[in-house]
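Reading the structure
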Amino acid sequence: MDKRFLITTSDERTWKTDEKILFLNEGCKKLSRKNFWSQLDYNVLPYHWDDPQRLHSDYQYLIGIYDKYLEILTQKLNKIHNVYHSKEYWRIIIGPWLQLFIGIIFDKWISILEAQKRVQISNTWILDLGEEELIPLGMNELQQFIYSDLWHHHIFSQIIISNNQIPYRKIGLNLSQENLEPEKKSKLSLKSSLINMANFFCRFIPDQFNKTVFISTNFLKLDLIKLQISLGQVPYVLDSIIRLENIPAHKGMRNDLEMNYASNEFEDILEILIPLNFPKLNLELYPELCNQVFHRFPKKVSTIVTTHGYWAEEGAKLWIAEKKEQGAKLVIGQHGGHFGSGLIEQSEVHQIQICDRFFTWGWKDPKFSQVRPLSPPKLASTIKKGIIPKENGSILWVWGAELPKFFYRMHSVPLSSQWLQYIYDQIEFAKNLSKEVLDITKLRLRPNGKLLWEEDLYFKEAGFQKIIDYSGNNLHEKLKKSRVCVTTDNSTVFLETFSINFPTILFWNPTHWQLRPSVKPIFEELKRVEILHDSPKSASKLINSIYMNPSNWWFKPERQRVIKSFCKEFACVRSSWLKEWKKELKALLSKN
């Protein structure tokens, strides 16, 4: 068997370059360091979830693992905190973290097993963090960690040490010198100061005047005020962010989280790593978080409405969980694309499980009575902007998604090493554009994005640096200067352009962006009228032929019929959206 040194991330402090190398992931190879690693004798481990059937099978397996350990942690946390909360309470609070963490550990554990099957691992180097910790405060900090090579290396190292099957050597590291903390906020702006003041005064509004509370929504401020007034309420600003100072991990509390319920090797590893990585806001800082929530959030509420407060805002989640136990209804509004169409969407499942109403952008799910279509304020606000294609404008090519170099969540998008193929598909599209089209094309990478894959360098290497637009204007401002939009992922951007009937061309790899069987017919219709393409070459061929007048192509009657039918399912906006929301929320109030 081939003998190789194992490298887990792109952190070159862990590289031993005088041996044959096995990279665990394509993300280990930074393009900016190609001159270095291209001289090495290396292989890259094939990605286990390149097999779609295996991905789906593992996803089903992990659903059961999640349910098992949610039940165990419910009992553990109730005992540690001397409380008597339900499993559904803890699902709201720790569910997002537990879902992500289980998937991350499983993905890394499988990668290590696959590496051991393919080669004889001579050694690997592990950065020793000493007494320091990489324990997240909560989901917000975990989401920062997910973009860090050091954190992923740390988790790989914990698995390798726990498995004790691979030789390793520890290398000392001063963690205090590493940039792993969430980005620090600059001094308060006038806008944020005014919001803080409004939030302070809103605390003195009696709860009976605001039985329906809106928290962490993507409603425009004016639209939210109109909706609150229509419900007979005082306009209410509720800041959901609670900031607590970090504290050292409490060894005794961590010990109390230790478990002995594993039935296989993966669960053995999981039971070791959960106590080592459990968020502090749900353990050491839980009592203080409860205290802050008690003093800052409304005491009596009938209905809570959110679009994204269910995920990473620990204070909001704790308050929602408490109010739900006391009988309040939870309404979650869909906040973006991929919901209702992606074959796997872990976040969607979680939202439906915890809410009383899940309002979609048009689609239904017959398995869940709480899933109902309702005109989305986010898309309604986009329509209000009056965006129309500019006859001699640019071709706006939107890079919608931005994913970490390593797996972090179960959803039907390019995962881990698959993202490199996504980049290559974009370059293939550019290579097949005519010179005339390239001259008027502007590539919008995600503004303020991290570009962890160094996507811009790939385009520069391929000779397309001139089309990258670094202006930073938001999507709507760029659309106003464009004749057609090209977007390449199943997410929010094309739902926005469809909702305003803006000429749009889509292409993506159907193996990575898998669809649910129930929605395939309507997406096939998009393919039939040449809006959606399975390959970059097909999309570039179309745009080369229509770029002079894409509106003429877009507004053909048959194409418009298909777009209208699609929007009815996934981007259904009506001018009466406020009345619809008022009716639904009033109906919920009448049941309390």
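This is a predicted model, so every value here is computed, not measured.

Cut-offs applied
Residues numbered from 1 in each chain as written. Predicted model: local features only at pLDDT ≥ 70, side-chain atom pairs only at ≥ 80, totals over all residues. Heavy atoms only, no water. Helix = DSSP H or I, 4+ residues; strand = E, 2+ residues; numbered from the N terminus. Contact = heavy atoms within 4.5 Å. Core = buried A, V, L, I, M, F, W, Y, C linked by side-chain atoms within 4.5 Å. Buried < 20%, exposed > 50% of the residue type's maximum accessible area, 1.4 Å probe, protein only. Axes fitted to C-alpha atoms, helices over the stretch in contact; angles between N-to-C directions. Parallel < 35°, antiparallel > 145°, perpendicular 65-115°, else oblique. Pairing = 2+ DSSP bridges. Polar contact = N/O pair within 3.5 Å; in protein donor to acceptor, adjacent residues only side chain to side chain. Right-handed = clockwise from strand over helix to strand, strands pointing away.

1. What about the environment of V573?
Inspection of the secondary structure puts V573 in the loop between α22 (557-570) and α23 (577-591). Sequence separation between V573 and L457 is 116 residues; the distance between their C-alpha atoms is 39 Å. Aside from chain neighbours lying at most four places away, what touches V573 is S375, P376, L379, A380, I383 and S499.

2. Observations concerning the nonpolar core
Generally speaking, soluble globular proteins have nonpolar side chains that are buried together. Membership of the largest hydrophobic core comes to 162 residues, with the highest contact counts inside it found for I274, W319, F498 and F523. Per-element accounting of this core gives the leading share, 18 residues, to helix α3 (residues 87-118). In this structure, F498 is in contact with T504, L506, L526, I531, W554, I563, F566 and C567, ignoring residues within four places of it in sequence. Counting residues in each nonpolar core, the second largest holds 15 residues, with L224, V305, L374 and L588 among its members.

3. Focus: the packing of helix α10 (residues 286-296) against helix α11 (residues 314-325)
The contact between α10 and α11 brings their axes to 10 Å, and the two run at 75 degrees. In terms of their interaxial angle, α10 and α11 are classed as roughly perpendicular. For the pair formed by α10 and α11, the contact residues are Y286, L289, C290 and V293 on the first element and E314, G315, L318, W319 and E322 on the second.

4. So, the sheet that holds strand β11 (residues 394-398)
With respect to topology, five strands assemble into an open sheet ordered β12-β11-β13-β14-β15, the strand pairing being parallel. Lying at the two open borders of the sheet, with one neighbouring strand each, are β12 (441-444) and β15 (532-533). Inspection of the sheet shows β11 paired to β12 by four bridges, in the parallel sense. Following the sheet pairing, I395 is matched in β12 by T441. Lying over the sheet, helix α18 (residues 492-499) contacts β11, β13 (482-487) and β14 (504-507), oriented at roughly 155 degrees with respect to β14.

5. Here we look at the side chain of R254
As for its placement among the helices and strands, R254 is situated in helix α8 (residues 251-256). The class for R254 is buried, based on a relative accessible area of 8%. Separated by 3.0 Å, the side chain of R254 and the backbone oxygen of P275 make a polar contact. At a separation of 2.8 Å, a polar atom in the side chain of R254 contacts the main-chain carbonyl oxygen of F278. Sequence-distant contacts of R254, defined by excluding residues within four places in its chain, comprise I135, A249, P275, L276, N277, F278, P279, K280, L283 and E284.

6. Digging into the pairing of β13
When you tally the buried positions in β13, you get six out of six residues, the bulk of the element. Of the strand pairs in this sheet, β11 and β13 are connected by five bridges, and their pairing is parallel. Each bridged residue has a counterpart across the sheet, and for I395 the counterpart in β13 is V484. With three bridges connecting them, β13 and β14 associate as parallel partners. Across the sheet, C485 pairs through a bridge with T504, a residue of β14. Once the chain exits β13 it traverses α18 before rejoining the sheet at β14, and the crossover so formed is right-handed.

7. Concerning unusual backbone geometry
The phi dihedral of H338 is positive, around 80 degrees, even though this residue is not glycine. Position of H338 among the secondary structure elements: in the loop between β8 (329-333) and α12 (346-354). Classification of H338 by relative accessible area gives buried; the value is 6%. The phi torsion at E454 lies on the positive side, around 55 degrees, for a residue other than glycine. Assignment of secondary structure puts E454 in the loop between β12 and α16 (455-461). Exposure remark for E454: the relative accessible area of 14% places this residue in the buried category.

8. Let's talk about the environment of I159
Locating I159 in the fold gives a position in helix α5 (residues 149-163). You can call I159 buried: its relative accessible area is 0%. Measuring from C-alpha to C-alpha, the distance between I159 and I105 comes to 8.0 Å, with 54 residues separating the pair along the chain. Those residues in contact with I159 that sit more than four places away from it in its chain are I105, K108, W109, I112, I269 and L273.

9. Regarding the sheet that holds strand β4 (residues 120-128)
Taken together, the five strands give an open sheet; going across it, the order is β3-β2-β1-β4-β5, and neighbouring strands pair in parallel fashion. Each end of this open sheet is capped by a strand with a single partner; those strands are β3 (42-44) and β5 (168-172). Taking each pair of neighbouring strands and ignoring which way they run, the sheet shows an average axis angle of 30 degrees. Here β4 runs beside β5; their pairing, made up of five bridges, is parallel. Within β5, the residue paired with L127 across the bridge is I171. Contacting β1 (3-7), β4 and β5, α5 crosses the sheet at an angle of about 125 degrees to β4.

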